[in-house]
Amino acid sequence: MKTLFKIILCFMIVLFNYSCGQSSKSSETQTIQLNGKTYTLKEGINASKVQLNKKPEPKVIFHKIDDTQRNMVMGYQPMPSDWKYLDKQDKDGVYIKGPNNVKVFMPKFDFFVYSQLPGYNQMSSEMGQQVKPLKSVEQLVKEEFVPLFGKEGARLLKQYHLPKLKAYDENYDQLMFKSVPQQKSFEAYATEWEAKDDNKFLFIIRQNITYTQEACYWGYTLNALESPKQYFETAKNNYLYTLENTKYNPQWRHACYMEDAQKSAQAGKLHQQRMANLRAEGQAIIERGKSHSAMVDRNHKRFMDAHLERQTVSTGGTNYQVDAGSNVYWINSNGEYIPTNDFNFDPNLDPNLNSQTWTKGTNNN
């Protein structure tokens, strides 16, 4: 308070001397330094209009997200212009950094299944799925996150629902492929924490639940941000805006839809139709989460393509970009390819692959 009073008093004295003793120079522009700040006195301006030079606020820019696996633009994320994507995540999982030591962590995913049918949970476990009864977001925070973060000295400050982000996830799901009718629900829940070093954390739980006749498939995405407490509110609001306003490429979403539809159709040929679709749907949910996690890890590496060696392969008059290094490439009608160095290999003769037609490509470079 004393420092603030001293600054105001000195500033008033400077203005008084300027207006009384320097009136003959009012047509000039003058710059003064006071307590490390720059003040500019312009022509015709009086003491009440002295302006402080301020740094302009960062703009919001849209960052392109590339799906290098499909060679498509996945979508665009709005970010403050002074937030930067790292070429790769650091050892702590940070992949975006902002000014004032603001950090955004790579999203984490977890998926589970649980059924009341005898033997179904054991079968799911043998298929590599995690078996766990459904928990609400509130239960997850109380029973799992509070004990876990408490071991690190973090203290839960508050928790609240995010209806706008929940609606965003619901709308996104409308264009996803579904092999059977299903009952789905979503939740978006924010938790704020204070760490031992006085930094604050934001953890967002984005839960999704799918009910089928056989089981409940559920899981969540965990988005996380860390910031010094004095910058936390601004950083939190910026991050929520990014998550709630990410724009996905409709062509990319259509490609994902067709891939899921094809996988479901192939599964139906191998198993009894009804049971196969149910199991495939549950597996698709888990695989989609794993695939999305790996994709996010790849897609947020700027200039990724500049560091990859690629070559062009053509078949049927169409060119495809493939990873270099193989002697032979077999390509199907969806643009998927199988690289091999075995000139005698033919996927059309493989019973695991011959449900579709594979054509040998011609290397152009």
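Residues numbered from 1 in each chain as written. Predicted model: local features only at pLDDT ≥ 70, side-chain atom pairs only at ≥ 80, totals over all residues. Heavy atoms only, no water.

Colleague: I keep staring at the pairing of strand E12 (residues 216–228) and nothing clicks. Help me out?
Modeller: In terms of burial, E12 is largely enclosed, as 13 of its 13 residues are buried. Neither face of E12 is exposed, since Cys216, Trp218, Tyr220, Leu222, Ala224, Glu226 and Pro228 on one face and Tyr217, Gly219, Thr221, Asn223, Leu225 and Ser227 on the opposite face are all buried. Summarising the sheet, strand E8 (residues 102–114) and E12 pair through 10 bridges and their orientation is antiparallel. Counted as the bridge partner of Phe112 is Trp218 from E12. Alignment of strand E11 (residues 199–211) against E12, held across 13 bridges, turns out to be antiparallel. Each residue of the ladder has a partner; that of Ile204, found in E12, is Asn223. Between E11 and E12, which pair antiparallel one after the other, the connecting turn spans four residues. (Buried < 20%, exposed > 50% of the residue type's maximum accessible area, 1.4 Å probe, protein only. Helix = DSSP H or I, 4+ residues; strand = E, 2+ residues; numbered from the N terminus. Pairing = 2+ DSSP bridges.)

Colleague: Sorry if this is basic, but what is going on with the environment of Pro99 here?
Modeller: Structurally, Pro99 can be placed in the loop between strand E7 (94–98) and E8. For Pro99, a relative accessible area of 31% puts it in the partly exposed group. In this structure the C-alpha to C-alpha distance between Pro99 and Tyr231, which are 132 residues apart in sequence, comes to 9.4 Å. What Pro99 contacts, discounting residues up to four positions off in sequence, is Asp82 and Trp83. (Contact = heavy atoms within 4.5 Å.)

Colleague: Sorry, what's going on with unusual backbone geometry here?
Modeller: A negative phi holds for most residues other than glycine; trans holds for most peptide bonds. With a phi angle near 65 degrees, Asn101 is a residue other than glycine that sits in the positive phi range. With respect to the secondary-structure elements, Asn101 resides in the loop between E7 and E8. Overall, Asn101 belongs to the partly exposed group, its relative accessible area being 44%. Not every positive phi belongs to a glycine, and Asp198 is a case in point at roughly 75 degrees. You can see Asp198 is positioned in the loop between strand E10 (183–194) and E11. Residue classification places Asp198 among the partly exposed residues on the basis of a relative accessible area of 43%.

Colleague: Would you take a moment to explain the side chain of Glu244 for this structure?
Modeller: Within the secondary structure, Glu244 is located in helix H5 (residues 232–244). Lacking a salt bridge, the buried Glu244 has Lys164 as its closest oppositely charged neighbour, with an N-O distance of 4.0 Å. Glu244 has contacts with Lys164, Leu165 and Tyr168, leaving out every residue within four places of it along the chain. (Lys, Arg positive; Asp, Glu negative; His and termini not counted. Salt bridge = Lys/Arg side-chain N within 4 Å of Asp/Glu carboxyl O.)

Colleague: Whenever I open this one, the sheet that holds strand E4 (residues 60–67) confuses me. Can you help?
Modeller: Strands belonging to one sheet form pairs held by backbone hydrogen bonds; the direction of such a pair is parallel or antiparallel. Ordered in space as E4-E5-E13, the three strands form an open sheet in which the pairing is antiparallel. Looking at strand neighbours, the two that pair on one side only are E4 and strand E13 (247–248), the edges of this open sheet. With eight bridges connecting them, E4 and strand E5 (residues 72–80) associate as antiparallel partners. Each bridged residue has a counterpart across the sheet, and for Lys64 the counterpart in E5 is Tyr76. Packed onto the sheet, H5 meets E4 and E5 and runs at close to 155 degrees relative to E5. (Axes fitted to C-alpha atoms, helices over the stretch in contact; angles between N-to-C directions.)

Colleague: When you look at the sheet that holds E11 in this model, what are you seeing that I'm missing?
Modeller: Strands sit in the order E6-E7-E8-E12-E11-E10-E9 across an open sheet of seven strands; the sheet is antiparallel. The sheet is open, and its two edges are formed by strand E6 (84–85) and strand E9 (155–161), each paired on a single side. Here two bridges tie E6 to E7, and the two strands are oriented antiparallel to one another. Of the residues in E7, the one forming a bridge with Lys84 is Lys97. Contacts from helix H3 (residues 137–150) reach E9, E10, E11 and E12 within the one sheet, and its direction differs from that of E10 by about 35 degrees. The sheet contacts of helix H4 (residues 163–173) involve E9, E10 and E11, and relative to E10 the element is tilted by about 145 degrees.

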